[in-house]
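# Structural description and commentary
Listed below are the residues making up each chain.
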Amino acid sequence: QVQVVESGGGLVQPGGSVRLSCEASGTIFSILTMGWYRQAPGKQREFLARITSGGSTNYAESVKGRFTISRDNAKNTVYLQMNSLKPEDSAVYYCRAQTAVPVWGQGTQVTVSS
């Protein structure tokens, strides 16, 4: 019954910024660890960032300093702020809820191109 839905992707210029959102339902959101991942064509899904129920975060080395994960428990939503975007960041971005069996969203496409 747990579900997560991503939104906010689209086309962005190199050097630009995008904020992705992931809204969860069917769970007590405030106790969940939530994460963001991405998958580019021909590549494996890549971990990007994670945030615990207490607000602790960790990031993949590849995105430290550019991406920021945050959460708003009142809105059952986790965010991924992405700055200084590069063409290499183009991918489908996925949200994951760390429930007993992890639940993935449908993904949202981010394309970085001039």
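What you see is a predicted model, and the numbers here were worked out from it, not measured in a lab.

Moving on: the side chain of E6. Tracing the backbone through its elements, the reader meets E6 in strand β1 (residues 3-7). In this structure E6 is buried but unpaired, with R45 as the nearest side chain of opposite charge at 7.1 Å. From its side chain, E6 meets the backbone nitrogen of C95 in a polar contact 2.7 Å long. A polar contact of 2.9 Å, which involves the side chain of E6, links it to the backbone nitrogen of G107. Those residues in contact with E6, other than ones at most four positions away along the chain, are S21, C22, W36, Y93, Y94, C95, G105, Q106, G107 and T108.

Once that is clear, we can look at the layout of surface pockets. Quantified by volume, the largest pocket comes out at close to 150 Å³. Residues of the lining of the largest pocket, tallied by class, amount to 2 nonpolar, 3 polar and 4 charged.

Time to look at the pattern of salt bridges. Throughout the structure, instances matching the rule amount to 4 salt bridges. The salt bridge partner of R38 is D89, with a shortest N-O separation of 2.9 Å. Of the two residues, R38 is situated in strand β4 (residues 34-39) and D89 in the loop between β8 (77-82) and β9 (91-97); the sequence distance between them amounts to 51 residues. Taking the shortest distance from any N to any O, the salt bridge between E61 and K64 comes out at 2.8 Å. Using a relative accessible area of 62% as the deciding quantity, one classes E61 as exposed. Each of R38, E46, R66 and D89 takes part in salt bridges that share partners, so that together they form one network.

A residue is classified by how much of its surface remains accessible, and D89, at 2% relative accessible area, is buried. Of the polar contacts made by the side chain of D89, one reaches the backbone nitrogen of K86; its length is 2.8 Å. Residues within four places of D89 in sequence aside, it is in contact with R38, R66, F67, S84, V110 and V112.

Basis of the calculations
Residues numbered from 1 in each chain as written. Predicted model: local features only at pLDDT ≥ 70, side-chain atom pairs only at ≥ 80, totals over all residues. Heavy atoms only, no water. Helix = DSSP H or I, 4+ residues; strand = E, 2+ residues; numbered from the N terminus. Buried < 20%, exposed > 50% of the residue type's maximum accessible area, 1.4 Å probe, protein only. Lys, Arg positive; Asp, Glu negative; His and termini not counted. Salt bridge = Lys/Arg side-chain N within 4 Å of Asp/Glu carboxyl O. Polar contact = N/O pair within 3.5 Å; in protein donor to acceptor, adjacent residues only side chain to side chain. Contact = heavy atoms within 4.5 Å. 1 Å grid on protein atoms, 1.4 Å probe; cavity = no way out; pocket = protein on both sides within 12 Å on 5 of 7 lines; lining within 4 Å. Points joined across faces, edges and corners; volume = space filled by probe spheres on them. Nonpolar A, V, L, I, M, F, W, Y, C, P; charged D, E, K, R; others polar.

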